[in-house]
Amino acid sequence: MNIFQNTKIISITNQKGGVGKTTTAINLATALATVDKKVLVIDFDPQGNASTGLGIEQDDRIKDIYSLLFNKNNFHEAIHTTKIKNLDVIPASIDLSAAEIELSNIDDKTLKLRHLFEKNSFLAGYDYILIDCPPALGFLTLNALCASDSVMIPLQCEFFALEGVSHLMNTIQLVQQNFNKNLQIEGVLLTMYDRRNKLSELVEDDVRKCFGELVFNTVIPRNVRISEAPSHGKPVILYDLDCMGSQAYINLAAEFLNKNDLLQQVA
Ligand SMILES: Nc1ncnc2c1ncn2[C@@H]1O[C@H](COP(=O)(O)OP(=O)(O)OP(=O)(O)O)[C@@H](O)[C@H]1O
Ligand SMILES: [Mg+2]
């Protein structure tokens with residue numbers, strides 16, 4: 001069962017590091033917010049990159065997703081507004097690094113986040129909740145998958161792109177079989193595509209052969225403005241709307257919304 005009828009919860013996941021998970025969470029969320037969707041980003045990575053990229057200062061992260069998970073403050077206190085209308089974030093602080101071990105010692109070790117969502121019906125006021133996962137398939141990621149309606153998988157257009165993906169797919173299957181049978185694959189997203197590099201093209205061919213329809217038509221190019229934006233505490237769409245990176249994330253949001261509207265019509 002989905003937790004909320006009209007709120008889609010999406011984990012952005014790949015246990016490989018540096019493939020564009022956080023960049024995708026921040027910029028897809030921003031693009032959706034600019035077309036009036038109400039969006040919540042949950043920073044579920046102790047590195048706190050999504051919090052930084054959305055302009056949340058370190059000192060402002062005391063009421064974070066960790067304190068929320070372990071009942072140290074209520075949900076409303078953990079939700080921070082951002083400079084972007086319609087876009088809120090629950091930040092992560094370094095405290096979250098303790099969660100892997102703490103979760104492993106409790107009964108609802110994989111369902112803690114899901115239970116938290118279920119107890120907070122006001123979340124139904126969001127259209128989308130995006131969970132930025134850490135680069136690991138530990139308890140944090142399992143919690144995210146168990147609490148989600150779908151999973152989006154960014155793949156960097158590099159030689160090892162597909163390495164480890166079968167492990168991720170097995171994990172998704174395990175979650176579907178044991179905890180969350182409705183978990184869908186939202187799509188596979190090719191990131192950091194370099195037009196000048198033949199390898200990007202080869203990786204794209206491989207990934208499309210492997211995942212077919214599941215791969216988004218939109219491809220995110222390697223673009224220096226994307227990598228500059230987080231140091232200004234801004235999504236690239238606010239930092240430089242006209243650059244190729246911003247335009248790609250706007251196209252991704254359009255493709256995503258289109259797909260979801262079509263699915264809703266079929267349902
Ligand atoms: N399309 C892009 N073009 C250029 N640089 C990019 C692009 N996407 C991401 N980057 C940069 O690559 C680095 C890794 O991206 P990001 O942090 O989004 O990956 P991640 O998968 O969240 O990493 P981690 O696994 O550590 O959480 C960052 O410095 C980011 O700014
Ligand atoms: Mg990240």
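Residues numbered from 1 in each chain as written. Chains lettered and ligands numbered in written order. Predicted model: local features only at pLDDT ≥ 70, side-chain atom pairs only at ≥ 80, totals over all residues.

Trainee: Would you take a moment to explain the site of ligand 1 for this structure?
Mentor: Taken together, 20 residues surround ligand 1, and among them Gly17, Lys21, Thr22, Thr23 and Pro135 come closest. Looking at the shell around ligand 1, the elements with two or more residues in it are helix H1 (21–34), strand S7 (184–193) and helix H10 (224–228). Top element by residues in the shell around ligand 1 is H1. It accounts for 3 residues. Tallied by class, residues from the shell around ligand 1 come to 6 nonpolar, 11 polar and 3 charged. (Near = placed C-beta within 6 Å. Helix = DSSP H or I, 4+ residues; strand = E, 2+ residues; numbered from the N terminus. Nonpolar A, V, L, I, M, F, W, Y, C, P; charged D, E, K, R; others polar.)

Trainee: Explain unusual backbone geometry to me, please; I cannot follow it from the model alone.
Mentor: Most of the time, phi is negative for any residue but glycine, and the peptide bond is trans. Unlike most non-glycine residues, Asp36 shows phi in positive territory, near 75°. With respect to the helices and strands, Asp36 occurs in the loop between H1 and strand S2 (39–43). With 9 C-beta atoms packed within 10 Å, Asp36 lands in the exposed category. Even without a glycine there, the phi angle at Met192 is positive, about 55°. Relative to the assigned elements, Met192 resides in strand S7. A residue is classified by how many C-beta atoms lie within 10 Å of it, and Met192, with 25 of them, is buried. (Buried ≥ 20, exposed ≤ 12 C-beta atoms within 10 Å, placed from the backbone.)

Trainee: Honestly, the pairing of strand S8 (residues 215–221) in this entry has me stumped. Any pointers?
Mentor: Two faces, one strand: in a regular strand the side chains alternate between the faces of the sheet. As paired strands, S7 and S8 are joined by 3 bridges and run parallel to one another. Residue pairing in the sheet places Val188 in a bridge with Val215 of S8. Taken together, S7, helix H9 (residues 198–211) and S8 form a β-α-β motif whose crossover is right-handed. (Pairing = 2+ DSSP bridges. Right-handed = clockwise from strand over helix to strand, strands pointing away.)

Trainee: Just to check I follow, could you spell out the environment of Gly233 for this structure?
Mentor: Following the sequence through the fold, Gly233 ends up in the loop between H10 and helix H11 (236–239). Exposure remark for Gly233: the 17 C-beta atoms within 10 Å place this residue in the partly exposed category. Taking the C-alpha atoms as reference points, Gly233 and Glu118, separated by 115 residues in sequence, lie 31 Å from one another. If near-sequence neighbours (up to four positions away) are discounted, Gly233 is found in contact with Thr52 and Gly55. (Contact = placed C-beta atoms within 7 Å.)

Trainee: Looking at this structure, I do not really get H9. What am I missing?
Mentor: Residues separated by three or four positions in an α-helix point in the same direction, a consequence of the helix having 3.6 residues per turn. The terminal C-alpha atoms of H9, which comprises 14 residues, lie 20 Å apart, in line with the 20 Å expected from a rise of 1.5 Å per residue. Its buried side turned inward, H9 meets strand S6 (150–156), S7 and S8. Of the residues one or two after H9, Gly212 is the one with positive phi, at around 50°. (Expected span 1.5 Å × (residues − 1).)

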